[in-house]
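So you can see what is in the structure, the chains are spelled out below.
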Amino acid sequence: MCHVDFVASEDLPNWRDLDGVIHAADARYLGPGLQYSTRRQVDGPEAPIDLSSVHFVFDDGEVALMLTLEESISTLIAHAVVGFTRLKDALQVVKADGTPFTSTVVPDYVREEQWVLSDGGVS
């Protein structure tokens, strides 16, 4: 369900061409990156089932580090993403030459959006 992969930067998709939501993401040791999330609904035996996935991508221009929570039931992903985010912020990668991997390439269409918080609460 969760995996970490290295891919050549040139093999990354244009995230805007995919059916998902893109947000800026930052990792303590990896640097700037993006979060790409998907959500869809499929027919279940008795009721529709919501499916989600979450991907963090950090790219240094040559190689990209991808952290993936594969598509699964949205409720499960919602619970797993807490630990997944902690993994993203704790992960440190050292390249073969002994230098730390640091993401430097973030597509210019990824922008930091502020979450709108409501003054109203839920009781």
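Residues numbered from 1 in each chain as written. Predicted model: local features only at pLDDT ≥ 70, side-chain atom pairs only at ≥ 80, totals over all residues. Heavy atoms only, no water.

S.K.: Where do I start with the overall build of the protein in this structure?
M.R.: What the protein contains, in helices and strands, is 1 helix and 5 strands. Seen in sequence order, the protein has helices and strands lined up from the N terminus as β-β-β-β-β-α. Out of the 123 residues belonging to the protein, those deemed buried represent 32%. The long-range share in the protein, meaning contacts at least 24 apart out of those at least 6 apart in sequence, stands at 54%. As presented, the protein carries roughly 8200 Å² of accessible surface, and 52% of it is formed by carbon and sulfur atoms. (Helix = DSSP H or I, 4+ residues; strand = E, 2+ residues; numbered from the N terminus. Buried < 20%, exposed > 50% of the residue type's maximum accessible area, 1.4 Å probe, protein only. Contact = heavy atoms within 4.5 Å. Areas by Shrake-Rupley, 256 points an atom, 1.4 Å probe, with all protein chains shown as cover.)

S.K.: Sorry if this is basic, but what is going on with the pattern of salt bridges here?
M.R.: Charged atoms that come close allow side chains of opposite charge to pair. Going through the model one piece at a time under the given rule, you end up with 4 salt bridges. When the shortest N-O distance is used, the salt bridge between Asp89 and Lys88 registers 3.0 Å. Accessibility expressed as a relative area gives 21% for Asp89, which makes it partly exposed. (Salt bridge = Lys/Arg side-chain N within 4 Å of Asp/Glu carboxyl O.)

S.K.: Looking at this structure, how should I read the side chain of Lys88?
M.R.: Relative to the assigned elements, Lys88 resides in helix H1 (residues 74-90). The exposure class of Lys88 is buried, given its relative accessible area of 6%.

S.K.: When you look at the pairing of strand S3 (residues 31-43) in this model, what are you seeing that I'm missing?
M.R.: Side-chain direction in a regular strand flips from residue to residue, so the side chains alternate between the two faces of the sheet. Looking at chain direction, strand S2 (residues 21-27) and S3 are connected through 7 bridges and run antiparallel. Residue pairing in the sheet places His23 in a bridge with Gln35 of S3. As paired elements, S3 and strand S4 (residues 48-59) share 10 bridges and run antiparallel to each other. Bridge assignment links Ser37 to a residue of S4, and that residue is Val54. Between the antiparallel neighbours S3 and S4 lie 4 residues. (Pairing = 2+ DSSP bridges.)

S.K.: How do you make sense of the packing of aromatic side chains when you look at a structure like this?
M.R.: We describe a pair of aromatic rings using the distance from one ring centre to the other and the angle between the two ring planes. Tallied over the entire structure, the rule returns 2 aromatic pairs. The cationic tip of Lys88 hangs over the ring face of Phe56; the distance from NZ or CZ to the ring centre is 5.4 Å. (Phe/Tyr/Trp six-rings, centres within 6.5 Å; stacked < 30°, edge-to-face > 60°. Lys NZ or Arg CZ within 6 Å of the ring centre and 35° of its normal.)

S.K.: Looking at this structure, I do not really get the sheet that holds S4. What am I missing?
M.R.: Spatially, 5 strands are ordered S1-S5-S4-S3-S2 in an open sheet, and the strand pairing comes out antiparallel. Each having just a single partner strand, strand S1 (2-8) and S2 make up the two edges of the open sheet. Neighbouring strand axes in the sheet, compared pairwise and without regard to direction, differ in orientation by 25° on average. Against the sheet, H1 touches S1, S2, S3, S4 and strand S5 (63-73), its axis set at about 155° to S5. (Axes fitted to C-alpha atoms, helices over the stretch in contact; angles between N-to-C directions.)

Any functional reading would require information beyond the geometric quantities listed.
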